[in-house]
Amino acid sequence: MAQRRGGATSRCAGGTQTHRRRTRATTAVWLLTYLILPSATEAGLYSATDQIISLNAESVETVLVNSTAAIVAEFYASWCGHCVAFSPVYKSLARDIKEWKPAVDLAAVDCAATETRQLCFDYGIKGYPTLKFFHAYSKEGSKGLSLKGFPRDVRGLRHRIIDQLEKHQEPWPPACPPLEPISQAEIDSFFETNNVQHLALIFEDDKSYIGREVTLDLLQFENIAVRRVLSTEEGLVTKLGVTDFPSCYLYYPSGNFTRLQVNIQARTFYSYALQRLPGVVRSGKPPPPDTVESLTNRTDEPWRPFNRSRVYMADLESTLDYSLRVELAAHSVFSGHALVSLKKYISVLVKYFPGRPMVMNLLKSLNSWLQDQPGDEISYEALEKIIDNRAQSPNTTLPQGARWVGCQGSQPHFRGYPCGVWTLFHVLSVQAKKAEGTDAKEVLSTMRGYVHHFFGCRQCAEHFEEMAQKGLSEVNTLSAAVLWLWKRHNLVNNRLAGALSEDPKFPKIQWPSPEMCPSCHSVMENGEHRWNQDQVLSFLLSYYSSQRILTDYLEDENQILAKQREKHASQAVEARNRAERKAREASDSLPLPSQPTVHSEEEEEEEVQDEAAAEEEAEGGEGATADEIASEPTTWANREMMGEARPQVRRRPSIVGMRMREQREDIVDLDSFVNQHYKAKAMQLAASSRVKQRTLQRKEEPEPGPVFGLGMELDAGFGMVGLQPLEAELDQDTQQQTKQRPKRELVGRYLTEEEWSHKRQWMSALSIGFSRVDISLCVILYFLSCVCLLVMYLFFKSRLRLRKAKIALS
């Protein structure tokens, strides 16, 4: 044994740097082994959250054979009552020596499983539970060292493991630091061979394990070395003036030293204080920023100084915002158990959340809306309208965006929302305790349901569900609920300590720390740390009290409400414009039947202006009108014969809103010219054949009255008002003969010149010979059609306006 100690002492004096390099390499190997190996005994007594490696036939050689770390393996049977009773102690041991990895690790094999029975036979297991110690770099076929009569408490097991490490034969576990006492000569030359900032010397008695435990507790931390000094080392004891055993002193290269100030001289307090010395960081982790200016919780936001002993309302509101607007938004529809969990979540928030009035108004309206929903399914789209307060209820809103203060991290990906969720549910559990609620599990079951259905980290949700299944049934009082949540939070902190998600500026610790709550920590007679749960409960009720929540960094309520009103106004304008565009597109795409076109108001104004301009041109003499052309038929006929073009006749539209049509060639009466339907052809034929001018007239009735007849003459207007006399198309000789020739009736009697002149005027007035009754009927029908078209125009216009109004309101 003396030879073993001498070898260890020499390694202690000069091998610290090599130990550090080996520690980093072995840590990486341990992480790969711990995280990648399959867990074959998830259905047994241990799971992945217990930080115990579950072994099976495939993984046993990877862990136990040629391992760089010493392994303590438990062989148990899941049906064994003693194994079940021992499992909580083994789990506690795994949490207690978590920082000792990768120098020593814990594993377990369920021999009751079919696939591991032969494995247990091969390792000579005859009873349960059995603990075996496997040295580092164990050979294949090694059955390990059986720890007979092992203690059934964490402290005793921890000491047995240290004893086995000290007895370890070569090769020594590369990650394990020296555990032997150090001498004054080694201390004098220590900084010549080791590049560390702090050397911690723990003075203790020979039988004390505190020095070795703290040494292993600091195994995964850099820039610090811990050594054990026995009380028999009189030179050092005298030089430093040590009077208390145990006690811890910090020794520096210059020869200066100072005593480490802790509340209680115990392992837990030493380890916590040393891990938080300046420059001490976890292996593989970047050093935390030393200055506040270099910290950012967002890339574009400065660091917000805060009091670590207080809770901030900004964190709680930021948590609610992310929960309601981000995590719930990932679910388009809520139904079944998810809907029940959602309703319960909002209900608990209404009862116990100590929010500002505008936030509480929103939660109350949201809770009322959820409770009033009759169906078994709710969409997030409908829920979002209530969250955003689109009904514009007064003094009702939830600030948008994250504004982390107490939960801000040194980098954007650290802390934040997970910290906010824990803080929120701690506050709710404490508020339920102070409100003296009737259901002790109300907040915890709500948290369980929310995490199970909505929390984004699904592996975290599975771990929390596993914890809830194991211990939630034991909660029967509101005080127990507060403490249950605190214990589970510390379990998670222990499991995540050293993980990639740990913020180096805010390491995962067992909370509250000794500095924050000294009375929460106590030491048993054997020197073991224990929690004073009465003091812890008192601390939690004070720390998470609504009266102690700080409102720093909160945006003013009036500004938030003003921003909400502006947002709603802009959304309303955008919705109205979008509805108008859709209505316009829909109206443009409708098919147009044989009915007058409904023009917009701008088009109607343009048409009215065009008509007025046309009237002014006609009155001003610009261009020839139809009357002017009709009054000078001979003149224009002569001009046309000479090749001069006839001016265009300006016509007014018969219906308001209808556009002018191009002038077409007039149609001649079919009774007179059966085969010649157009005026030009008729004129040519008349000019060539010299058709006699005829009149079609009934015989005169005995009684006087209006004459009904169908008159037709070649020198009178045909069809429509403004037609040119046919004489204009004849040559002058033909016109002269026509004037001198007496007019003859259809029965063969010729009319005199005066009769013909009178008849000509009458037929010109009545167009092609229709009577006054016929003309009256035509006028009446024309008027009725105009009225009908006008009514249709007004009807469709009113319908369009109503449709626009409905779309805007929706």
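Calculation notes
- Residues numbered from 1 in each chain as written.
- Predicted model: local features only at pLDDT ≥ 70, side-chain atom pairs only at ≥ 80, totals over all residues.
- Heavy atoms only, no water.
- UniProt positions renumbered as here; feature names shortened; annotations may be inferred.
- Helix = DSSP H or I, 4+ residues; strand = E, 2+ residues; numbered from the N terminus.
- Buried < 20%, exposed > 50% of the residue type's maximum accessible area, 1.4 Å probe, protein only.
- Pairing = 2+ DSSP bridges.
- Right-handed = clockwise from strand over helix to strand, strands pointing away.
- Expected span 1.5 Å × (residues − 1).
- Phe/Tyr/Trp six-rings, centres within 6.5 Å; stacked < 30°, edge-to-face > 60°.
- Lys NZ or Arg CZ within 6 Å of the ring centre and 35° of its normal.

The name an unreviewed UniProt entry gives the chain is Sulfhydryl oxidase, with Takifugu bimaculatus as the organism. The annotation that UniProt attaches to the chain under Sequence similarities (unreviewed entry) is "Belongs to the quiescin-sulfhydryl oxidase (QSOX) family."

UniProt marks residues 779-796 with the feature "transmembrane region" (unreviewed entry), using the numbering shown here. Along residues 779-796, the helical share is 100% and the strand share 0%, with 26 Å between the first and last C-alpha atoms.

Attention now goes to the pairing of strand 2 (residues 70-76). With seven of seven residues buried, strand 2 is to be regarded as a mostly interior element. Residues Ala70, Val72, Glu74 and Tyr76 of strand 2 are buried on one face, and the alternating residues Ile71, Ala73 and Phe75, pointing to the opposite face, are buried as well. Bridge count for strand 2 against strand 3 (residues 104-110) is seven bridges, and the pairing is parallel. From the neighbouring strand, Ala73 faces strand 3, where its bridge partner is Ala107. Handedness of the crossover joining strand 2 and strand 3 through helix 4 (residues 81-96) is recorded here as right-handed.

Next up on the list: helix 13 (residues 336-352). A rise of 1.5 Å per residue sets the reference length of helix 13, with its 17 residues, at 24 Å; its end C-alpha atoms lie 25 Å apart and thus fit the reference within 8%. Burial in helix 13 covers these residues: Ala338, Leu339, Ser341, Leu342, Lys343, Tyr345, Ile346, Val348, Leu349 and Tyr352.

Given two aromatic rings, one states the distance between the centres and the angle between the planes to describe the pair. Evaluated as defined, the whole model comprises 28 aromatic pairs. With a centroid separation of 6.0 Å and 20 degrees between ring planes, the pair formed by Tyr417 and Phe455 is classed as stacked. Of this pair, Tyr417 sits in helix 16 (residues 417-434) while Phe455 sits in the loop between helix 17 (442-453) and helix 18 (458-471), and the two are 38 residues apart along the sequence. Of the two residues, Tyr417 and Phe455, neither departs from the other in class, the shared state being buried. Measuring from ring centre to ring centre gives 5.6 Å for Tyr450 and Phe454, while their planes differ by 55 degrees; the resulting arrangement is tilted. For Tyr450, a relative accessible area of 1% translates into the label buried. Three or more aromatic residues joined by ring pairs form one cluster here, namely Tyr46, Tyr76, Phe86, Tyr90 and Phe150. If you follow Arg212 out to its NZ or CZ, it ends over the ring of Tyr209, 4.3 Å from the centre.

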